Amino acid sequence: MSAGSNLRSADQFLCSICLDVFTDPVTTPCGHNFCKTCITHFWDDNVLYKCPLCQETFYTRPQLKVNTFIREMVSEFRREAQQKSSSSSSEQQAAEPGEVPCDVCTGTRLKALKSCLVCLASYCETHLEPHLTAPRLKRHQLVEPVENLEDRICRKHDKPLELFCKTDQTCVCTLCPVLDHKNHEFVPLREEYEGKKADLQKTEAEIQQMIQKRRLKIQEIRASLKISNDAAHREKAEGVQVFTDLKESVERRLKEFMKEMEDKQKTAEKQAEDFIKDLEQEICELKKRSSEVEQLSRSEDHLHLLQRFSSLEDAPPTKNWTEVRVHPPSYEGTVVRAVEQLEKNLREKMKKLFEAELRRIRQFEADVTLDPDTANPKLILSEDGKQVYHGNVTKNLPDNPERFSTSACVLGKQSFSSGRFYFEVQVKGKTDWTLGVARESVNRKGKITASPQNGYWTVGLRNGNEYLAAKDPPVRLHPSSPPEKLGVFVDYEEGLVSFHDVDAAALLYSFTGCSFREKLHPFFSPFINNGGKNSAPLIICPVNQTV
């Protein structure tokens with residue numbers, strides 16, 4: 001029999017119990033062939049001695065002997081299969097590290113093409129042939145090569161794991177439901193596989209969505225970084241321009257100062273030189289006359305002396321130098337005046353800078369209204385929530401946790417936990433007030449001490465002339481003129497709270513390096529009425545974007 005025909009009828013040499021090529025084949029009285037070990041174990045597990053194929057029953061256990069003819073046929077089959085395997089091994093690839101090797105190959109183990117979940121073995125192209133041609137083997141489940149096929153066998157019952165116990169969430173064999181998982185819920189592995197695969201696909205979709213969200217967040221952060229970098233470049237360019245202008249202004253004033261000093265010095269030098277020149281000229285004339293007088297005085301010629309004497313009596317015109325003085329120019333105050341002029345120029349430039357800064361921060365205007373639930377019972381709020389002043393009567397209001405019980409304070413309804421916001425408040429006509437922002441969790445009962453440590457970032461006016469930033473200790477402020485309208489700007493992430501005199505376009509004070517970890521509310525305190533002296537309201541004003 002040729003090797004090709006043997007391979008085409010390979011099912012003739014397969015044991016119907018182990019589904020592998022016979023090992024020590026024996027023949028039952030009914031004429032069917034099995035591996036000696038397979039049929040022996042089969043009868044050991046059963047009370048009746050039946051043929052696994054035809055189910056014929058034997059009342060006594062047959063005495064079985066190895067069928068030498070079939071054994072020789074099987075040996076021939078194995079040799080021919082091995083020869084074909086050897087001849088084709090050069091064409092097939094040997095299993096590399098990390099690849100699944102064929103479980104049948106001897107010597108060089110070739111790369112497996114498939115694994116059989118029934119036989120629990122992996123096969124190369126040659127040894128896979130029976131599973132592709134033998135009718136009984138074709139029913140076996142072939143999968144892509146996998147390692148550790150023994151993990152697919154129930155360790156307790158030595159049978160394939162074919163079911164899934166939903167109660168215990170584990171894979172089991174067909175005997176487990178009867179013996180170890182009674183009354184549990186079971187489904188075929190494929191059904192649970194399809195469900196879990198659908199769950200994995202859903203999870204994968206969720207993961208991809210999360211990845212996409214994070215990619216979008218990266219784009220958002222990069223875009224934000226670009227905006228930040230662009231803003232930094234613009235600010236640096238403006239800063240360079242401003243400081244260049246200031247430097248040029250200082251140099252220009254220095255040049256003007258030096259020129260003024262040199263002009264005064266040159267004027268004094270010219271005046272002194274002119275005086276000296278005139279004096280030297282008169283000295284020459286006087287020396288000449290002195291020589292003539294001396295010469296005539298030595299003459300013994302009576303007639304000559306008398307004749308010349310009359311011409312010498314008329315002295316050459318000379319200047320009375322008694323009151324003549326060289327008055328040095330006054331240099332006192334020159335430096336002061338130059339610095340004052342420079343300061344004036346700087347103030348003008350600073351005002352332009354603050355005006356530009358004010359225009360920028362006004363873009364972050366927030367529509368702020370007063371929260372009546374936080375207002376002290378003596379405060380009077382307008383219907384639109386934009387004005388507040390101190391009354392003389394305590395209103396009967398519920399003492400809710402949000403309300404300031406003692407201090408004449410009120411918060412804005414709006415809260416901010418990110419970004420930037422700005423609002424303006426009119427303080428005209430008041431002798432005492434406090435403005436700023438406060439943490440949402442600030443203490444609102446009893447006496448309030450405003451400071452950053454207590455959650456307040458504020459500035460205020462006391463006694464009509466004392467401006468303070470509420471720090472510990474307080475910081476005295478010195479505005480050039482009493483502010484009538486204040487702008488409050490907050491950059492949450494930057495940790496900045498700044499106060500601006502709107503009309504003067506000047507920065508009044510800034511809290512920097514603040515650490516905000518909760519919501520911030522606008523904060524207002526019109527202070528007590530003080531007998532009508534401080535009755536003017538605090539008024540939240542709309543921001544004029546054109547200024």
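Residues numbered from 1 in each chain as written. Predicted model: local features only at pLDDT ≥ 70, side-chain atom pairs only at ≥ 80, totals over all residues. Heavy atoms only, no water.

1. Observations concerning the nonpolar core
- Ranked by size, the top nonpolar core spans 37 residues in total, and within it Trp 433 and Phe 524 carry the most contacts.
- Residues in contact with Trp 433, not counting those within four places in the same chain, are Val 427, Val 459, Gly 460, Leu 461, Arg 462, Tyr 467, Leu 486, Ser 525, Phe 527 and Leu 538.
- In this structure, Cys 15, Leu 64, Val 74 and Leu 137 belong to the second largest nonpolar core, which totals 20 residues. (Core = buried A, V, L, I, M, F, W, Y, C linked by side-chain atoms within 4.5 Å. Buried < 20%, exposed > 50% of the residue type's maximum accessible area, 1.4 Å probe, protein only. Contact = heavy atoms within 4.5 Å.)

2. Here we look at the pattern of salt bridges
- Enumeration according to the criterion identifies 22 salt bridges in this entry.
- The residue Glu 192 makes a salt bridge to Lys 196 at a minimum N-O spacing of 2.2 Å. Within this pair, Glu 192 and its partner Lys 196 are both found in helix H7 (residues 189–297), separated by four residues, close to a single helical turn.
- Among the residues examined, Glu 192 registers a relative accessible area of 8% and is labelled buried.
- Taking the shortest distance from any N to any O, the salt bridge between Lys 264 and Glu 260 comes out at 3.9 Å. Note that Lys 264 and Glu 260 are positioned in helix H7 at a spacing of four residues, about one turn of the helix.
- Take Lys 264: its relative accessible area is 23%, and that puts it in the partly exposed class.
- For Glu 260, a relative accessible area of 33% gives the class partly exposed.
- Several salt bridges converge on common partners, so that one network encompasses Lys 166, Glu 192 and Lys 196. (Salt bridge = Lys/Arg side-chain N within 4 Å of Asp/Glu carboxyl O. Helix = DSSP H or I, 4+ residues; strand = E, 2+ residues; numbered from the N terminus.)

3. So, the packing of aromatic side chains
- Throughout the structure, instances matching the rule amount to 14 aromatic pairs.
- Between Tyr 509 and Phe 511 the ring centres are 5.0 Å apart and the planes differ by 80 degrees, which places this aromatic pair in the edge-to-face class. Exposure class is identical for Tyr 509 and Phe 511. Each is buried.
- Through successive ring pairs, a cluster of aromatic residues spans Trp 43, Tyr 49 and Phe 58. (Phe/Tyr/Trp six-rings, centres within 6.5 Å; stacked < 30°, edge-to-face > 60°.)

4. Describing the pairing of strand S12 (residues 387–390)
- Residues Val 388 and His 390 point to one face of S12 and are all buried, whereas Gln 387 and Tyr 389, pointing to the other face, are not buried.
- Direction of pairing for strand S11 (residues 379–381) relative to S12: antiparallel, over a ladder of three bridges. By the bridge assignment for S12, Ile 380 is matched with Tyr 389. (Pairing = 2+ DSSP bridges.)

5. With respect to the environment of Val 388
- Here Val 388 lies in strand S12.
- Val 388 gets classed as buried once you look at its relative accessible area, which sits at 1%.
- Sequence separation between Val 388 and Phe 524 is 136 residues; the distance between their C-alpha atoms is 8.4 Å.
- When residues no more than four places from it in sequence are discounted, the contact partners of Val 388 are Leu 370, Leu 379, Ile 380, Leu 381, Val 410, Pro 526, Pro 537 and Leu 538.

6. Some details on the packing of H7 against helix H9 (residues 334–361)
- For the pair H7 and H9, interaxial distance at closest approach is 10 Å and the crossing angle is 165 degrees. One finds that H7 runs roughly antiparallel with respect to H9. The element H7 and its partner H9 pack so that their crossing is right-handed. Residue-level contacts link Glu 235, Glu 238, Val 242, Asp 245, Leu 246, Ser 249, Val 250, Arg 253, Phe 257, Glu 260, Met 261 and Lys 264 of H7 to Thr 334, Val 335, Arg 337, Ala 338, Gln 341, Leu 342, Asn 345, Leu 346, Lys 349, Leu 353 and Arg 360 of H9.
- Split by residue class, the contact of H7 with H9 holds 10 nonpolar, four polar and nine charged. (Axes fitted to C-alpha atoms, helices over the stretch in contact; angles between N-to-C directions. Parallel < 35°, antiparallel > 145°, perpendicular 65-115°, else oblique. Left-handed = near helix turned anticlockwise from the far one by under 90°. Nonpolar A, V, L, I, M, F, W, Y, C, P; charged D, E, K, R; others polar.)

7. Brief notes about the sheet that holds strand S19 (residues 485–491)
- Spatial ordering of the open sheet is given by S11-S12-S23-S14-S19-S20-S21, a layout of seven strands whose pairing is antiparallel. Edge positions in the sheet fall to S11 and strand S21 (506–511), since each of these pairs with one other strand and no more. Strand after strand, the sheet turns through a mean of 20 degrees between neighbouring axes, direction not considered.

8. Observations regarding the pairing of S21
- Where strand S20 (residues 496–501) meets S21, five bridges bridge the pair, whose relative direction is antiparallel. The residue bridging Phe 499 from the neighbouring strand is Tyr 509, located in S21.
- The antiparallel hairpin formed by S20 and S21 contains four residues in its connecting segment, where Ala 505 sits at a positive phi of about 50 degrees.

9. Thoughts on H9
- Here H9 is 28 residues long and its end C-alpha atoms lie 40 Å apart, about the 40 Å a rise of 1.5 Å per residue gives.
- Among the residues of H9, Thr 334, Ala 338, Leu 342, Asn 345, Leu 358 and Ile 361 are the ones counted as buried.
- At its buried positions, H9 is contacted by H7, strand S14 (420–426), S19 and S20. (Expected span 1.5 Å × (residues − 1).)

10. Looking at unusual backbone geometry
- Here the bond from Asp 472 into Pro 473 is cis, since omega is 0 degrees, no more than 30 degrees from zero.
- Residue placement: Pro 473 occurs in the loop between strand S17 (466–469) and strand S18 (475–477).
- Although it is not a glycine, Asn 463 adopts a positive phi angle of roughly 60 degrees.
- Within the fold, Asn 463 resides in the loop between strand S16 (456–462) and S17.
- Given a relative accessible area of 62%, Asn 463 falls into the exposed group.

11. Looking at the confidence of the model for the protein
- Across the protein, the average pLDDT comes to 87, with 94% of residues at or above 70.
- Taken together, the stretch residues 1–8 has pLDDT below 50 and engages in 12 contacts with residues farther than four places along the chain or on a different chain. (pLDDT = per-residue confidence, 0-100.)

12. As for the sheet that holds strand S8 (residues 163–165)
- Spatially, S9-S8-S10 is the arrangement adopted by the three strands of the open sheet, whose pairing is antiparallel. The open sheet has two edge strands, strand S9 (170–172) and strand S10 (186–188), and neither has a second partner. Mean inter-strand twist for the sheet, computed between neighbouring axes without regard to direction, equals 35 degrees.
- Where S8 lies against S10, three bridges are found, and the strand directions are antiparallel. Within S10, the residue paired with Leu 163 across the bridge is Pro 188.

13. With respect to the side chain of His 500
- Looking at where His 500 falls in the secondary structure, it is placed in strand S20.
- If near-sequence neighbours (up to four positions away) are discounted, His 500 is found in contact with Leu 358, Ile 361, Lys 485, Leu 486, Gly 487, Phe 489, Ala 506, Leu 507 and Leu 508.

14. What to know about the side chain of Lys 430
- Mapped onto the elements of the fold, Lys 430 is located in the loop between S14 and strand S15 (433–439).
- No salt bridge forms around the buried Lys 430; measuring N to O, its nearest opposite-charge neighbour Asp 432 is 7.7 Å away.
- Each residue touching Lys 430, except ones within four places of it in the same chain, is listed here: Leu 461, Pro 526, Asn 534, Ala 536, Pro 537 and Leu 538. (Lys, Arg positive; Asp, Glu negative; His and termini not counted.)

15. What to know about H7
- Taking 1.5 Å of rise per residue, 109 residues should cover 162 Å, and H7 covers 155 Å from first to last C-alpha, within 8% of that figure.
- For H7, every residue scored as buried is listed here: Glu 192, Val 242, Leu 246, Ser 249, Arg 253, Phe 257, Ala 268, Phe 275, Glu 282 and Leu 296.

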